[in-house]
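So you can see what is in the structure, the chains are spelled out below.
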Amino acid sequence: MNNQAIGIFDSGFGGLTVLKELRKVLPNEDLIYFGDTARIPYGTKSKETIIKYSKQNIRFLMRHHVKAIVVACNTASALAVPVVESMFDIPLIGVIEPGAKGAVRESKSGKIGVIGTTGTVRSGAYQDAIARLRPESMIESTPCPLFVQIVEEGWQDTEIARLTAEKYLEDIKRAKIDAMVMGCTHYPILENTLRKVMGEQVTLVNPARETALAVKSVLESEGMLSDRDNEAEYRFYVSDDPDKFRETGSQIVSVPMTMIRKISIENY
């Protein structure tokens, strides 16, 4: 057993969708969350920059003696995890493989859509992971970079969001898919809008939910689950504007967010 906290990082508050699912699956685990709000979005930045940011984020969380780190950012999972996981002596769990497994499981036809940031889609990480699991799959992917800004502004259920989704998803709708990976941790916050645009015949796959189950599996297999019965603790850190993070984040997870500390991530 191991009662140390689990670390989580994302470019903003989208990764709180992962924290939300972790609370359901692992209610006794302490969680430490870092949102790199000063450097959002990650999806439009170069691979080298994403690797640099990810290493800094990991080093920051390791200062808090976490037992595992969830890379709750699809772009960082796609571009940085394969490069940096051998550099750190700690389990790193990304969102790509769990999300791909969920898509393969939910698709009856093998026609699968993938949406994500520009960096995630261009990396081909989801496409490759799905193809490994189900080689006969037909995959239609498209980047939807404005979705992150829409969510960060709290506009997920507005006409702006719907019209943007209609434009981005034209090709995917024509492909007649029956499952679509919401390949950015911000995107589940848009689920209502995406469901209206895609229709009920398309299953929306939430990698956050799949990742929480993957984290539980890793901790079980490593004998690292917490054995405490007391209520879990949650700590939040950001690299910019704690007030905005609290305002928006409290709408995603129903945990007290009174203590949010701003840190200088460049020091790591």
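This text goes with the structure placed above it.
Per chain, residues are indexed from 1 in the order of the written sequence. In keeping with the model being predicted, local features are shown solely for residues with a pLDDT of at least 70 and side-chain atom pairs are shown and tallied solely at 80 or more, while totals for entire chains, interfaces and linings include all residues. Side-chain figures throughout are based on the complete set of non-hydrogen atoms in the structure, without hydrogens or water.

Participant: Explanation requested: the side chain of D10 in the structure shown.
Facilitator: Note that D10 resides in strand β1 (residues 6-10). In terms of polar contacts, D10 uses its side chain to reach the backbone amide nitrogen of G15, at 2.8 Å. In contact with D10, other than residues within four places in its own chain, are G15, Y33, F34, G35, D36, A72, C73, T185 and H186. Strands here mean DSSP runs of E at least two residues long; helices mean DSSP runs of H or I at least four residues long; both are numbered from the N terminus. Pairs of N or O atoms within 3.5 Å make up the polar contacts considered here, provided that, within protein, one atom can donate a hydrogen while the other can accept it, and that residues adjacent in sequence are counted only when both atoms are side-chain atoms. Contact between two residues is taken to exist if any of their heavy atoms lie within 4.5 Å; hydrogens are not considered.

Participant: Mind showing me how you'd approach the sheet that holds strand β9 (residues 234-238) here?
Facilitator: Strand pairing in a sheet relies on backbone hydrogen bonds, with the paired strands running either antiparallel or parallel. DSSP calls a pair of strands paired once it identifies at least 2 bridges connecting them. The strand order across the open sheet formed by six strands is β4-β3-β1-β2-β9-β10, and the pairing between neighbours is parallel. Two strands lie at the open edges of the sheet, namely β4 (92-93) and β10 (260-262), each paired on one side alone. Every axis corresponds to a line fitted to the C-alpha atoms, with the helix fit spanning only the stretch in contact, and the corresponding angles, defined between N-to-C directions, vary from 0 to 180 degrees. The strands that helix α1 (residues 16-25) touches are β1, β2 (31-35), β3 (68-71) and β9; relative to β2, the one it contacts most, it runs at about 170 degrees. Seen against the sheet, helix α13 (residues 242-249) touches β2, β9 and β10 and runs at an angle of roughly 145 degrees to β10.

Participant: Would you explain the environment of V148 in this entry?
Facilitator: Mapped onto the elements, V148 comes out in helix α8 (residues 146-152). The cut-offs for exposure are 20% and 50% of the maximum accessible area for each residue type, with area from a 1.4 Å probe on protein chains only; residues under the lower value are buried, those over the upper are exposed, and the others partly exposed. Of the residues examined, V148 reaches a relative accessible area of 5% and is grouped as buried. Along the primary structure V148 and T117 are separated by 31 residues, whereas in three dimensions their C-alpha atoms are 8.1 Å apart. Not counting residues within four places of it along the chain, the set of residues in contact with V148 comprises I40, P41, T117, C184, H186 and Y187.

Participant: What exactly am I supposed to notice about the sheet that holds strand β6 (residues 138-143) here?
Facilitator: Spatially, four strands are ordered β6-β5-β7-β8 in an open sheet, and the strand pairing comes out parallel. Edge strands, defined here as strands with exactly one partner in the open sheet, are β6 and β8 (203-205). Adjacent strand axes in the sheet meet at a mean angle of 20 degrees, parallel and antiparallel pairs treated alike. Bridging between strand β7 (residues 179-183) and β8 involves three bridges; their strand directions are parallel. Residue pairing for β8: M180 is matched across the bridge by L204.

Participant: When you look at the packing of aromatic side chains in this model, what are you seeing that I'm missing?
Facilitator: Working definition: an aromatic ring pair is given by the centre-to-centre distance plus the angle between the planes. A pair of aromatic rings is counted whenever rings of Phe, Tyr or Trp (Trp by its six-membered ring) have centres within 6.5 Å, and the orientation is called stacked for planes under 30 degrees apart, edge-to-face for over 60 and tilted otherwise. All told, the structure shown has nine aromatic pairs when counted by the stated rule. Look at Y42 and Y53: their rings are 5.4 Å apart centre to centre, the planes differ by 45 degrees, and that puts the pair in the tilted class. Of this pair, Y42 sits in the loop between β2 and α2 (47-62) while Y53 sits in helix α2, and the two are eleven residues apart along the sequence. Taking the relative accessible area as the measure of exposure, Y42 reaches 1% and is therefore buried. Since its relative accessible area comes to 10%, Y53 is described here as buried. On the basis of an interplanar angle of 80 degrees and a centroid distance of 5.2 Å, the ring pair of F147 and Y187 is categorised as edge-to-face. Of this pair, F147 sits in helix α8 while Y187 is found in the loop between β7 and α11 (191-198), placing the two residues 40 residues apart along the sequence. In terms of burial, F147 and Y187 fall into one category: buried. Put simply, the rings of F34, F60, Y237 and Y268 pair up and form one aromatic cluster.

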